[in-house]
Amino acid sequence: MILTRRNWLTRAAIGWFAILKSLRADDCLELRNVHPRVLITPELVREMARKVRGPYAAEYKILLETARLGPQGMENRERIPGAFVEAGLAYLIERELGHDGRPYAEQILQLWRQPEYQKPGLAHHFGWNGLLYDWIYDAMTPTERAQFGELLGEWVATWWNTGEVNIPKEGWWYNQHWGPGHLDVPNHRVALTAKLFMSAAALGNGGKFDDALRVYLRSFLLKYQSDGIPALEQMGGIWSESNGHGAYGPLLTVPLGMEAARTVFGIDAFQSCPENGFAREYMLGVVHSMMPHNLKVAYIDDSQSGYPEHQARIAPLLASHFHDPIAKWLSDTALERSWLHTSRVPADDVWPRIAFMPEGQESRSPRQIGLAKAHLFRGAGHVYMRSAWDDPNSTWAFFGAGPSYASHSRDDEGHFLITRRGHLVNRSGGAGHNDNCYYSGGSLVYNVATIYHPGEKMRRTQHNENDGGMLRYIYTHGFPMERGHITGYLHEDAIATYVSADLTRAYWAEKTKEVTRQFLYLRGAQECFVIFDRVESTKAEYPKVWFLHIPSEPRVSGTASVQVPGHVVSYDGGECVWAGSLAGDTGSFATGQSWMLMQTLAPSPVRITKRGGPGHDFWGHPHNPAAQYNHVIDIDGKQDPAFRMPPLSPWRLEAEPVTQQERDYFLHVLYLSDQEPSNLRPATQIEADGRVGARISLGARTATVLFDLTGPAGAKLTVTERDQPIFDTELPKNLD
C-alpha cells in the first residue's frame, strides 16, 4: 500500500499511537521484496544502462575508473567516502548490461567482512553503508544479508537512544537532524536520512532489530507527512542556516532523503511542492546566491563563500523531477569547472548525473531562459538582485530579514551585501564559531544598525559580549522565532528592486521601540543603492551606530579627528570612496575595477568613523568599554586562523548622530562606478509631504525617492529619463 498525503489526513483522525499499531510492514514499503529500492529502482537501473550506452558513455567510463579504486577515505568520518557509491552503482549497471558486476560489489563486501567493521552500522559512514547494502543486496549471500542487516538494524535502534522519529516540527529545520553529508557520527543527531536509508534497505534482514527498523519507517512516514514536508514548504528554497550549515549536509541529505521517501513509500514531495517550497525554490536559491565574479555562493548567515558543490550534486535529481534546464546548466558548469573533484579520487563525481539526469535534458543558463534579475524567498526573508545574468562584471546584491528557523541562524536581520567585479560591501569576514568568538558570533560582523544599552546581557554571556546588536537565539527552542520580516517588495528588471523590512523584534525590547530598513537598488547605465533606516530607542542616551564593512581603506572627506593614526579616524560628515576587492577570495574571472561612493544624507549632523587595518579589523562596539580590543582571540585565549578566513573586509565605516534623541533616521546613497569617483553628481536630500528622501542623478536618468517617516515603511519612487517619466509609483507596504 502507498500511503499518500490524503491517506494520512484520513488516518490522522484515529491518532498517532493507533496509526503506529495499525500499520503493517506492507504499509511502509512499496517495494518490500525488491532491491534496489532506496533512491535507485529496477526501472531506473534499466534507464541508466540505456544512458551509458549513449550520451553518458564518457561519464560512465569515469565512474568505472573511480569504482575500480575501491572505497577511499572510509576512515575519515568528516568526509563523504570516495569510490564507494560509484562501486555500488557500477555493480547495478554492469549487471544490467550483461557484464560481470560482481567485482565492484566485492570491493565493498571485502571491507564489510573485516573484523573492524563488525560494529553497529558497519563502523563508518552508516548512512552510505545502508544505501550500498540495498544496491548490492543481490551480491550478498543470505548469511551476509542477515549479518550486515542486523548490524545496520542495531545502529538504527540504538543511535540517539531510539529507533523512533520523535522530533517536533522545528527539528526538521535543523541540519544535524537530517545529517551531514558524510552520514557518519560527527555532528549527527536524529539521522533522518541515514536511518531511512538503513531501515528501508535492511528491513526483513534486521534480525533482532527488525522491529526497530519497522518503528523507524512507520514513525518517519507519519512525521515526515505531518511535520517534515510542511516544514520544508514553509522554509522554502533557502536552507534555515544558509549555505554554511546547509553545505555541511542538508543541501545534499534533505533532497536525497526526499527521494528515498518517494522510492520507498511512494510519497512524492517534489511534485506536491508549492512554487515557494523547498524543492521548487532550491535551484533558484542556488543561482541567485552565486556571485557573478566567481560563481561562488555568497558569504551569508552561518556560511562561508564557496562553490555550490552539494547543490550541483543534487541538480540532476531536481532536473529529473522538474525538467529544469537551469539544473542541467549548473550540473554542466560544475563538471566543466571541476567543482566536484576531490582529493580522495582523481576524477569528477559524476554518479548523480548518471543516476538521475534525464536523457536529453536541455541545458540553459539563467540568462538564456530569461530568469528575473531578482527574487524574494519568502520563507527565509532573503532577496537577491543583480544587473545581469551570465556577466562576471555585473552588479549583485543581497538583503535579508526573516525568522530564525534553527540554532545557527546568525544575528544579521537587515544585513546586505553588494558585489561588482569583487566585493564592495561585505560582511567583516572570518569564520569564527558562534560559541567562542565574541565578534563573528554576534552582530558586529554584519552591516546593521545597533542600539547600545549598557545593561543589556547577551544570551550565553560567557561566550558573547554586549555589541549593541540583536537578540541571540543560539541553542534555544521554539522555532521559528520572529526576528524581522519583509514588509514590501517590488521588482522591475529595467528599473529597480525594492525591499522593506520591520526589524524591531530582532532587538531587545528594553532598548528598542522601532527599527525598519528600506533597501532600493536602482539599475541603469549609472547604478546606486539607497538605504533608509528608522531607528527609535527607548531612551535618547542609548547611542545608535550604523555599520558598513568594506574590503579596502576608504577615503573620507570632511574635517578629520585622528584617534589612532592609520587605523581610526572620525570625520564631521563627508563622502566616502573605496575600491572593490576580492577580499582574499579566489577564482574571479571578472575584468577591470569597481569603486563605490557613499553619501550620508541623514542623520545631520553626523560623525563618520573609519576603523580598520591590522590590529583594528575586528574591533568591538565603540560604546562598550569592555570591548575596546581586536577580537582575534577565542575564549581559550588562542588565535584562531578561522577568524581571518576570506572573503575578509578589514575596514568598516560607522555613522553616528552627533546629537542624541530617541528617534533617528539614517539615509545613505551608495554609487557604483567603474573608475575612481571624481565627477559623480551627488544626491540631494529632499523633504515633502512628511517624507524624507533623495533626488539622485544617474546619467540620463534622475531618480526621486521619498520615504515615510512614521507608520508602515512606505515610499514613493519616480524615475525620469531625459526628463521623460518612465516610472512613478508608491512602493508596496505589504506583501501580496
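Along each chain, numbering runs from 1 in the same order as the chain's sequence is written. Selection of residues for local features in this predicted model requires a pLDDT of at least 70, selection of side-chain atom pairs for listing and counting requires 80 or more, and totals for whole chains, interfaces and linings are taken over all residues. Side-chain figures throughout are based on the complete set of non-hydrogen atoms in the structure, without hydrogens or water.

Caption draft 1: Quick look at the packing of aromatic side chains. Ring pairs are drawn from Phe, Tyr and Trp, using the six-membered ring of Trp, whenever the two centres fall within 6.5 Å, and their geometry is named by plane angle: stacked under 30 degrees, edge-to-face over 60, tilted for the rest. All chains considered together, the criterion is met by 28 aromatic pairs. Summarising the aromatic geometry, the rings of Trp128 and Phe197 are spaced 6.4 Å apart at their centres and angled 55 degrees between planes, so their arrangement reads as tilted. Linking Trp128 in helix α8 (residues 126–135) with Phe197 in helix α11 (residues 192–202), this pair joins segments that are 69 residues apart in sequence. Note on accessibility: Trp128 and Phe197 belong to one class, buried. Look at Phe278 and Tyr282: their rings are 5.6 Å apart centre to centre, the planes differ by 90 degrees, and that puts the pair in the edge-to-face class. Taken as a pair, Phe278 and Tyr282 lie in helix α15 (residues 278–289) at a separation of four residues, close to a single helical turn. For the exposure calls, accessible area comes from a 1.4 Å probe over protein chains only, and a residue counts as buried if that area is under 20% of its type's maximum, exposed if over 50%, partly exposed in between. The class of Tyr282 is buried, set by a relative accessible area of 2%. Of the aromatic side chains, those joined through ring pairs into one cluster are Trp172, Trp178, Tyr216, Phe220, Tyr224 and Phe265. Here Lys51 stacks its cationic end above the ring of Tyr56, 5.0 Å away from the centre of that ring. Charge-over-ring contacts are defined here by two conditions on Lys NZ or Arg CZ: a distance within 6 Å of the ring centre and an angle within 35 degrees of the ring normal. Taking NZ or CZ as reference, Arg337 lies 4.8 Å from the ring centre of Phe589, over its face. Secondary structure elements are defined from DSSP: runs of H or I of at least 4 residues count as helices, runs of E of at least 2 residues count as strands, and each element is numbered from the N terminus.

Caption draft 2: Quick look at the pairing of strand β7 (residues 485–492). The sheet contact formed by β7 and strand β8 (residues 496–502) spans seven bridges and is antiparallel. When the bridges of β8 are listed, Gly488 appears paired with Ser500. The antiparallel hairpin formed by β7 and β8 contains three residues in its connecting segment. One requirement defines pairing of two strands: DSSP has to find at least two bridges between them.

Caption draft 3: Inspection of the state of the cysteines at higher detail. Note on terminology: disulfide denotes any pair of cysteine sulfur atoms within 2.5 Å. Per the counting criterion, the structure on display carries zero disulfides. The closest cysteine sulfur to the non-disulfide-bonded Cys528 is located on Cys576, 16 Å from its own sulfur. Given the relative accessible area of 0%, Cys528 is considered buried.

Caption draft 4: Inspection of the pattern of salt bridges at higher detail. Throughout this description, the term salt bridge denotes a Lys or Arg side-chain nitrogen within 4 Å of a carboxyl oxygen of Asp or Glu. Under the definition given, this model contains 43 salt bridges. The residue Arg313 makes a salt bridge to Asp349 at a minimum N-O spacing of 2.8 Å. Note that Arg313 is positioned in helix α16 (residues 309–322) and Asp349 in the loop between α17 (325–336) and α18 (351–356), a separation of 36 residues in sequence. By the burial criterion, Arg313 is buried, and Asp349 matches it. Glu656 serves as the salt-bridge partner of Arg607, at 3.6 Å between the closest nitrogen and oxygen. Here Glu656 lies in strand β18 (residues 651–657) and Arg607 lies in strand β17 (residues 606–612), a separation of 49 residues in the sequence. A relative accessible area of 12% places Glu656 in the buried class.

Caption draft 5: View of unusual backbone geometry. For the peptide bond that leads from Phe479 to Pro480, omega is 0 degrees, which places it in the cis range. Within the fold, Pro480 resides in the loop between β6 (449–451) and β7. With an omega of 0 degrees, the peptide bond running from Pro646 to Pro647 counts as cis. Topologically, Pro647 is positioned in the loop between β17 and β18. One non-glycine residue, Asn187, lies in the positive phi region at around 55 degrees. Relative to the elements of secondary structure, Asn187 occurs in the loop between α10 (175–178) and α11.

Caption draft 6: Representation of the sheet that holds β18 in the model. Across the sheet, six strands lie side by side as β6-β11-β18-β17-β14-β13; this open sheet has antiparallel pairing. Unpaired on one side and paired on the other, β6 and β13 (560–564) mark the two borders of the sheet. Put simply, the sheet's adjacent strands are angled 25 degrees from each other on average, direction ignored. With five bridges connecting them, strand β11 (residues 544–550) and β18 associate as antiparallel partners. When the bridges of β18 are listed, Leu548 appears paired with Leu653. Axes here mean lines fitted to C-alpha atoms, for a helix over just the part in contact, with angles spanning 0 to 180 degrees between N-to-C directions.

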